[in-house]
Amino acid sequence: MSALRRRIANVLQPPSPAPSRESTPDSSEEVKVVSTKKLENLKKLRHNKRRSGVIFGLGSLLGLVLALLFAQSQDVIKLEGLLEVNLDSLMDAIPAGIVKDVKDLSKAERDVVNYDSFAVGLHLQSQGISADHPVIMVPGVISTGLESWSTGEKSRQYFRKRLWGSWSMMRALVLDQAAWKKHIMLDKETGLDPPGIKLRAAQGFDATDFFITGYWIWNKILENLATIGYDPTNAFTAAYDWRLSYANLEVRDQYFTRLKSYIEVAHATSGRKVVLISHSMGSQVVLYFMKWAEHKDHGKGGPDWVNTYIDSWINISGCMLGTAKGIPAVLSGEMKDTAQLNAFAVYGLEKFLSREDRAEIFRAMPGISSMIPKGGEAVWGNSTWAPDDLPYPQQNSTHGVFLSFRPKFNSTEPARKNLTMTESFDYLLDSTEPWYREQIKHAYSHGVAHTKAEVERNENVPQTWLNPLEARLPIAPDMKIYCFYGIGKPTERSYFYKDHDNPLRGYLNVSIDTSVSSPNGYTQQPGMIDRGVVFGEGDGTVNLLSTGYMCAQGWKKIKRYNPAGVKVTTYEMPHEPDRFSPRGGPNTGDHVDILGRSSLNDLILRIAGGRGDEIEERYESRIWEIGEKVQIFDDE
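Residues numbered from 1 in each chain as written. Predicted model: local features only at pLDDT ≥ 70, side-chain atom pairs only at ≥ 80, totals over all residues. Heavy atoms only, no water.

**Q** Quick one: what's the story with the overall build of the chain, residue by residue and with numbers?
**A** A tally of regular secondary structure across the chain gives 24 helices and 16 strands. Buried residues in the chain amount to 52% of all 636 residues. Sequence separation of at least 24 residues holds for 73% of the intrachain contacts in the chain that already meet a minimum separation of 6. Of the roughly 29,700 Å² of accessible surface on the chain, a fraction of 54% belongs to carbon and sulfur atoms. (Helix = DSSP H or I, 4+ residues; strand = E, 2+ residues; numbered from the N terminus. Buried < 20%, exposed > 50% of the residue type's maximum accessible area, 1.4 Å probe, protein only. Contact = heavy atoms within 4.5 Å. Areas by Shrake-Rupley, 256 points an atom, 1.4 Å probe, with all protein chains shown as cover.)

**Q** How would you sum up the packing of aromatic side chains? Please name residues and give values.
**A** According to the stated counting rule, one finds 23 aromatic pairs in the structure shown. An angle of 80 degrees between the planes, with centres 5.9 Å apart, marks the rings of Y246 and Y444 as edge-to-face. Taken together, the positions of Y246 in helix α10 (residues 246-253) and Y444 in the loop between α20 (434-443) and α21 (452-457) put the pair 198 residues apart, joining distant regions of the chain. Residues Y246 and Y444 agree in their burial class; the two are buried. The structure contains a cluster of three or more aromatic residues connected by ring pairs, namely Y240, Y246, Y255, F256, Y288, F289, W292, W305, Y309, Y444 and W465. In this arrangement the basic side chain of R416 is found over the ring face of F405, its NZ or CZ atom lying 5.3 Å from the centre. (Phe/Tyr/Trp six-rings, centres within 6.5 Å; stacked < 30°, edge-to-face > 60°. Lys NZ or Arg CZ within 6 Å of the ring centre and 35° of its normal.)

**Q** Account for the pattern of salt bridges, naming residues and giving values.
**A** Per the counting criterion, the structure on display carries 35 salt bridges. In this structure, the salt-bridge partner of R472 is E456, at a minimum N-O distance of 3.2 Å. Within this pair, whereas R472 is found in the loop between α21 and β11 (480-487), its partner E456 is found in helix α21, the two being separated by 16 residues in sequence. Note on R472: relative accessible area 11%, which makes it buried. With a relative accessible area of 34%, E456 lands in the partly exposed category. What you see here is one network of salt bridges that share partners, running through D193, R200, D241, R243, R252 and D253. (Salt bridge = Lys/Arg side-chain N within 4 Å of Asp/Glu carboxyl O.)

**Q** Provide a residue-level description of the packing of α10 against helix α11 (residues 255-270), including the pertinent values.
**A** Contact geometry of α10 with α11 gives a least axis separation of 6 Å together with a crossing angle of 80 degrees. Judged by the angle between their axes, α10 and α11 are roughly perpendicular. Counted together, Y246, L249, E250 and D253 of α10 and Y255, F256, T257 and R258 of α11 form the full contact between these two elements. For the contact of α10 with α11, the per-class residue count stands at 4 nonpolar, 1 polar and 3 charged. (Axes fitted to C-alpha atoms, helices over the stretch in contact; angles between N-to-C directions. Parallel < 35°, antiparallel > 145°, perpendicular 65-115°, else oblique. Nonpolar A, V, L, I, M, F, W, Y, C, P; charged D, E, K, R; others polar.)

**Q** Give a detailed account of the state of the cysteines, specifying residues and quantitative values.
**A** On inspection of all chains with the given rule, the structure shows 1 disulfide. Two residues, C483 and C551, share a disulfide whose sulfurs are 2.2 Å apart. Across the disulfide from C483 to C551, rotation about the S-S bond amounts to roughly -75 degrees, and the bridge is consequently left-handed. With C483 in strand β11 and C551 in helix α22 (residues 544-557), this pair connects stretches of sequence that are 68 residues apart. (Disulfide = S-S within 2.5 Å.)

**Q** Report on the sheet that holds strand β16 (residues 567-574), specifying residues and quantitative values.
**A** With parallel pairing, 6 strands are arranged side by side in an open sheet as β7-β1-β8-β9-β11-β16. Every interior strand has two partners, whereas the edge strands, β7 (235-237) and β16, have only one. Averaged over all neighbouring strand pairs, the angle between strand axes comes to 15 degrees, with direction disregarded. In terms of strand pairing, strand β8 (residues 274-279) meets strand β9 (residues 310-316) through 6 bridges, oriented parallel. In the sheet register, L276 faces β9, and the bridge partner there is W313. Running at roughly 150 degrees to β16, α22 makes contact with β9, β11 and β16 of the sheet. (Pairing = 2+ DSSP bridges.)

**Q** Residues and numbers for the confidence of the model for the chain, please.
**A** Mean pLDDT over the chain: 84, with 77% of residues reaching 70 or higher. Here residues 1-87 is a poorly scored stretch, pLDDT under 50, and it has 46 contacts once near neighbours within four places are set aside; other chains count. Contacts for the low-pLDDT stretch residues 108-113, under 50 throughout, to residues beyond four places or in other chains number 8 contacts. (pLDDT = per-residue confidence, 0-100.)

**Q** Describe the packing of helix α6 (residues 119-126) against helix α23 (residues 598-608), listing the residues and the values that go with them.
**A** Where α6 contacts α23, the axes come no closer than 9 Å and their chain directions differ by 45 degrees. As the angle between them shows, α6 and α23 are arranged oblique. Remark: the crossing between α6 and α23 carries right-handed chirality. Counted together, V120, G121 and L124 of α6 and S598, N601, D602, L605 and R606 of α23 form the full contact between these two elements. (Left-handed = near helix turned anticlockwise from the far one by under 90°.)

**Q** An account of the side chain of E334 is needed here, citing residue identities and associated values.
**A** Positionally, E334 belongs in the loop between α14 (326-332) and α15 (336-339). Look at E334 and you get buried, because its relative accessible area is 8%. In terms of polar contacts, E334 uses its side chain to reach the backbone amide nitrogen of I512, at 2.9 Å. (Polar contact = N/O pair within 3.5 Å; in protein donor to acceptor, adjacent residues only side chain to side chain.)

**Q** Tell me about helix α8 (residues 177-184), residues and numbers included.
**A** Listed in full, the buried residues belonging to α8 are A179, W180, K181, H183 and I184. Where α8 is buried, its residues contact β2 (146-148), β3 (162-164), α7 (167-175), β4 (199-201) and α17 (355-363).

**Q** So what about the environment of T213? Which residues, and what values?
**A** Its place among the elements puts T213 in the loop between β5 (210-212) and β6 (215-216). For the pair formed by T213 and S166, sequence separation is 47 residues and the distance between their alpha carbons is 7.3 Å.

**Q** Hey, could you go over the sheet that holds β2 for me, with residue numbers and the actual values?
**A** The strand order across the open sheet formed by 3 strands is β3-β2-β4, and the pairing between neighbours is antiparallel. The sheet terminates laterally at β3 and β4, the two strands that pair on one side only. Adjacent strand axes in the sheet meet at a mean angle of 40 degrees, parallel and antiparallel pairs treated alike. Note that β2 and β4 share 3 bridges and pair antiparallel. For E147, the partnering residue across the bridge sits in β4 and is R200. Contacting β2, β3 and β4, α8 crosses the sheet at an angle of about 80 degrees to β3.

**Q** So, helix α9 (residues 219-227): which residues are in play, and what are the values?
**A** Burial within α9 is extensive, with 8 of its 9 residues counted as buried. Phi turns positive one or two residues past the end of α9, at G229, with a value near 115 degrees.

**Q** Kindly report on the side chain of S518, identifying the contributing residues and their values.
**A** Here S518 is to be found in the loop between β13 (508-512) and β14 (529-530). For S518, a relative accessible area of 13% gives the class buried. A distance of 2.7 Å separates a polar side-chain atom of S518 from the backbone nitrogen of I529.

Here's what the structure looks like:
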């Protein structure tokens with residue numbers, strides 16, 4: 001390492017200073033007066049140049065370090081090597097000026113990241129708002145940590161360590177990938193624990209406050225709830241194993257039994273109804289739970305249970321009708337995040353965790369498939385039209401064609417038929433293994449109940465309970481629903497695919513065609529195409545059709561889905577990110593980062609504090625225009 005330090009120091013040795021020049025202007029020169037505003041602009045410009053210089057210098061340094069570390073090797077870079085680098089030694093070799101600039105830049109960005117800690121709660125506390133209703137939080141997909149309780153010989157090293165949602169996960173994934181994969185996947189036939197493996201959801205606030213150290217999820221909401229009087233006696237995180245199908249959450253973990261019991265205890269000890277707060281997939285879990293709790297063969301709570309125990313349901317970024325990225329994830333192990341990698345990164349990812357591995361892992365987590373889009377062509381469009389299409393020239397083709405196939409290069413064979421959402425789902429089931437098909441068919445339903453009679457029949461069909469187009473809301477006229485979601489962030493909506501000659505385990509021979517992009521530079525805007533991914537409207541992860549349709553129209557205009565007339569209040573939050581914050585700042589509308597948004601925290605605290613009736617609706621997207629075009633109508 002000392003030799004490495006010397007090599008870096010020699011390369012980074014600053015040049016000798018140039019001879020000084022007289023700074024006093026010559027008497028013959030005219031002295032120009034510069035305005036204060038211009039001086040401020042010049043100062044900002046120098047700051048930006050300095051910032052850019054720091055980032056460029058760090059990037060160059062990193063490239064140099066990697067080159068020197070692996071200059072003697074003919075192999076592909078191994079991530080284990082990075083874990084052995086002594087960063088303290090590297091710091092000694094970096095010029096002090098760069099180190100100081102980096103520290104200043106890091107401090108400034110930490111200040112931005114830590115925006116408004118406790119501030120929202122303190123502000124509402126000053127207005128007399130305090131803890132009123134007990135609060136129960138239901139997190140979204142992948143945000144709950146999973147820890148190992150296996151005691152087999154090869155699992156003991158991971159006992160009570162998180163194999164999802166911690167640095168232990170990262171280390172296991174890098175150094176012991178086969179063991180990590182074996183632990184993280186469920187049994188393909190049963191959808192439960194594989195023999196000798198036991199992973200369980202972490203419990204308590206620690207389960208969801210941070211994903212890994214420094215990357216908050218629910219922590220800002222917890223900070224603000226605590227400020228107005230919440231603690232473990234009146235707030236609870238209902239963490240769950242998001243890999244499981246919803247039915248198996250009860251079979252293996254008795255999750256819904258425990259959740260129902262906790263709600264009843266919270267009501268009994270406080271004398272107040274509960275406020276449920278759900279995020280993303282957690283909103284589907286809540287919808288399923290309310291049906292389960294009242295059913296005579298399951299929770300046995302009776303038809304009045306929800307109305308008796310639940311005051312409000314806060315639905316944050318709920319993927320009520322699924323998300324478009326759910327299909328390519330299980331079809332080919334891909335999504336926007338993998339399609340947009342550069343060639344070198346794709347090569348590294350494929351060597352480290354291939355499409356084959358990713359597709360297999362996603363399929364062996366049936367909970368993820370609960371987010372496959374629901375509603376078929378009635379919601380997502382057909383081969384000529386979709387309700388969320390933009391007018392030409394903003395969009396050249398319809399979103400109703402969900403998977404578009406191009407012919408093979410230099411092939412005389414015709415291209416595969418383009419597919420709508422309904423056809424894409426059928427294609428997925430036809431293309432995957434029998435064990436996956438059986439698990440999905442027995443766990444979920446993705447259709448539309450077009451009549452009241454169909455909806456009532458589905459009261460006894462648990463597969464439909466997470467689909468709001470097939471299952472009605474509880475008869476709970478006193479309950480309130482609040483829908484809060486981000487808008488204005490381009491979200492993957494449809495895809496270009498291609499055939500290739502390397503099928504995954506003999507079942508798939510397709511992948512996203514990353515050669516297809518819009519001709520202009522603004523590719524990540526609704527209607528545009530970026531490396532095979534067609535963008536639409538949403539929060540960056542879940543489409544506007546999914547977050548907004550049921551809240552703005554489905555539960556309000558179609559009586560069979562909300563026969564008791566439960567009040568639904570919708571509040572849209574435009575994505576207005578802070579350019580200096582990696583998480584978007586206090587006005588982000590991003591699917592996950594919205595949990596730290598100041599206005600969202602304000603609304604949550606008002607509802608928990610018994611002031612939810614003061615909240616008025618806010619619409620800024622096209623959701624009403626889009627909803628009017630959805631082909632679902634009130635049969636009454």
